[in-house]
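# Structure assessment
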Amino acid sequence: MRARRRDEEHRAATPLELLFDLCFVVAIAQAGRQLAEALAEGHPGHGLAGYLMLFFAIWWAWMNFSWFASAYDTDDPLYRVVTLVQMAGVLILAAGVPRAFAESDFTLVWCGFLVMRLAMVTQWLRAAYGSRGAERRTALSYALGVTVCQVGWLGLLLLPKAAVPVVFVVVGALELAVPGLAERGWRTSWHARHIAERYGLFTIIVLGETIAAATLAVQAALDEHHAPGSLLPIAGGGLLLVFAAYWIYFAVPVHRHLRTSRQAFLWGYGHYLVFGSAAAIGAGIEVAVREPVGRTDLSAYQAAACVTVPGALFLCTVWLIHSRHHKRGAAQQLVLPVSALLVLACTVAGRAAVPAAGLVAAATVAAGVHLTSRQDTAPAE
């Protein structure tokens, strides 16, 4: 196994990576469904805490593989087999999500994460075997760091349930620190275009899951209550919000910003909020659909907040870590932050909040397109 070049031409995601991403759809769907149930039942604290923890496990396992593959993807039989093992771990983790939410039983989640992480350790040990000097020390440091953290996650099984938040914060912080510590002496040779494409594809996966969750919620409500007049505007507004999220994310060629490892790490880590908020929009739409037909005790304003809060968070986070690096002038820079505030303000509209948020998101896209075209056609000074 040898590191691939940063300047390699025509580098693109492989079919194996696409299959890997699709396996994560199952886990994301489970986490979103449990979040929607918790919110609809009036337990936002429990739902958000469980969602943040479980989505961290999903996102972190995906991100670790993606950056490793950008540097060392050999696509030979051994690499493929180990990657398929990681996919099996994702499915085990997904199977444990409902029990983790309902009973704080993380046994299956931990086992699935263990399968994924041991496979990742195997990949790093193979990279160490094929390298020398500082590069080898970096690969071994990754393998050691991943192993130590996995042992730390045993606290979820061995310690009292009250200690779960502490374990998550402490071990999660250690997980986030591993790349920075491992790469002090050698920077892995990730490929900017490849990694940008991988994140973009995963964004599409998450948005697709959001559309699927919202569609199933509307279908179930229509089948049970036959109330299209109150549900279709919510479905239409949610669809506008998701379409706008797609447009806004892919409006800029972000690979041009990923010039250094520091920039790439900050951008990559920030996607925890981008992915998490995008998936939470789907859960929120499901809650908003339940409110008019009486399938939740939440008020119309509380149900609306389940959509507007993650929607605003998505817009704000995408601007902060992704879009602002390519915006020029105060007008372009203010579009997304102002839109995030307007989406949040839509909460006061109650049952009309989701259609209103969708219209704000569509107007955001229109404003961005107008400002960009005006700047492109402006005469050079």
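The preceding data block contains the structure.
Remember, predicted model here, so these are calculated numbers, not experimental data.

## Concerning the overall build of the chain
Counting its secondary structure elements, the chain contains 13 helices and 0 strands. Each helix (α) and strand (β) of the chain, taken in turn from the N terminus, gives the series α-α-α-α-α-α-α-α-α-α-α-α-α. On C-alpha atoms alone, the chain measures out to a radius of gyration of 21 Å, which is about the 21 Å that the 2.2 N^0.38 rule sets for 381 residues. With respect to the principal axes defined by its C-alpha atoms, the chain has extents near 65 × 65 × 35 Å. Here the analysis covers contacts within the chain between residues at least 6 apart in sequence; of these, 81% occur between residues at least 24 apart. Here the chain contributes 28 positively and 24 negatively charged side chains, and the mean placements of these two sets differ by 10 Å.

## Overview of the nonpolar core
Most often, soluble globular proteins have nonpolar side chains that are buried together. In this structure, Phe24, Leu93, Trp124, Trp153, Tyr199 and Phe275 are the most contacted members of the largest nonpolar core, which totals 116 residues. With 18 residues, the top contributor of residues to this core is helix 2 (residues 44-72). With residues up to four places along the chain from it excluded, the contact list for phenylalanine 275 reads Phe55, Trp59, Trp62, Tyr199, Phe202, Thr203 and Val206.

## Some words on the side chain of serine 189
By secondary structure assignment, the location of serine 189 is in the loop between helix 7 (164-182) and helix 8 (192-225). With a relative accessible area of 14%, serine 189 lands in the buried category. Among the polar contacts made by the side chain of serine 189, one reaches the main-chain carbonyl oxygen of arginine 4 at a distance of 2.7 Å. The residues touching serine 189, leaving out its near neighbours within four places in the chain, are Ala3, Arg4, Arg6, Ser70 and Ala71.

## A short note on the packing of aromatic side chains
With the rule as written, the count across this model stands at 31 aromatic pairs. On the basis of an interplanar angle of 80° and a centroid distance of 6.3 Å, the ring pair of tryptophan 59 and tyrosine 269 is categorised as edge-to-face. Taken together, the positions of tryptophan 59 in helix 2 and tyrosine 269 in helix 10 (residues 261-290) put the pair 210 residues apart, joining distant regions of the chain.

## Looking at the pattern of salt bridges
Tallying each qualifying case throughout the model produces 9 salt bridges. Where aspartate 76 meets arginine 126, a salt bridge forms, and the shortest distance between an N and an O atom there is 2.3 Å. Remark: arginine 126 occurs in helix 4 (residues 107-129) and aspartate 76 occurs in the loop between helix 2 and helix 3 (77-103); sequence separation between them is 50 residues. What emerges from the salt-bridge pattern is a single network uniting Glu17, Asp21 and Arg198.

## Quick word on helix 10
With 30 residues, helix 10 ought to run about 44 Å at 1.5 Å a step, and its terminal C-alpha atoms sit 44 Å apart, in line with that. Along helix 10, the helix axis deviates most sharply at histidine 271, where the bend reaches about 30°. Where burial is concerned, most of helix 10 is hidden: 25 out of the 30 residues are buried.

## Observations concerning unusual backbone geometry
Positive phi, normally seen in glycine, also occurs at aspartate 75, with a value near 55°. Residue position: aspartate 75 is located in the loop between helix 2 and helix 3. Its relative accessible area of 30% is what places aspartate 75 among the partly exposed residues. One non-glycine residue, serine 104, lies in positive phi territory at about 55°. The exposure class assigned to serine 104 is partly exposed, which follows from its relative accessible area of 28%.

## Structural notes on the environment of valine 354
Along the chain, valine 354 falls in helix 13 (residues 353-377). For the pair valine 354 and leucine 258, spaced 96 residues apart in sequence, the C-alpha to C-alpha distance is 34 Å.

## Here's the deal with helix 9 (residues 228-249)
For an α-helix, 3.6 residues make a turn, and residues three or four places apart therefore share a direction. Compared with an ideal rise of 1.5 Å per residue, which puts 22 residues at 32 Å, helix 9 spans 31 Å between its outermost C-alpha atoms and is within 8% of the ideal. Those residues of helix 9 not exposed but buried are Leu231, Ile234, Gly237, Gly238, Leu241, Val242, Ala244, Ala245, Ile248 and Tyr249. In a view along the axis of helix 9, the buried residues occupy a sector of 160°, so they form one face of it.

## Details of the environment of phenylalanine 250
Along the chain, phenylalanine 250 turns up in the loop between helix 9 and helix 10. The exposure class assigned to phenylalanine 250 is partly exposed, which follows from its relative accessible area of 32%. In sequence terms phenylalanine 250 and serine 141 are 109 residues apart; their C-alpha atoms lie 35 Å from each other. Apart from the residues lying within four places of it in its own chain, the contact partners of phenylalanine 250 are Gly200, Thr203 and Ile204.

Criteria and thresholds
- Residues numbered from 1 in each chain as written.
- Predicted model: local features only at pLDDT ≥ 70, side-chain atom pairs only at ≥ 80, totals over all residues.
- Heavy atoms only, no water.
- Helix = DSSP H or I, 4+ residues; strand = E, 2+ residues; numbered from the N terminus.
- Rg over C-alpha atoms; globule rule 2.2 N^0.38 Å.
- Contact = heavy atoms within 4.5 Å.
- Lys, Arg positive; Asp, Glu negative; His and termini not counted.
- Charge placed at Lys NZ, Arg CZ, Asp CG, Glu CD.
- Core = buried A, V, L, I, M, F, W, Y, C linked by side-chain atoms within 4.5 Å.
- Buried < 20%, exposed > 50% of the residue type's maximum accessible area, 1.4 Å probe, protein only.
- Polar contact = N/O pair within 3.5 Å; in protein donor to acceptor, adjacent residues only side chain to side chain.
- Phe/Tyr/Trp six-rings, centres within 6.5 Å; stacked < 30°, edge-to-face > 60°.
- Salt bridge = Lys/Arg side-chain N within 4 Å of Asp/Glu carboxyl O.
- Expected span 1.5 Å × (residues − 1).
- Bend = angle between axes of the 7 residues up to and from the residue.
- Arc of directions from axis to C-beta.

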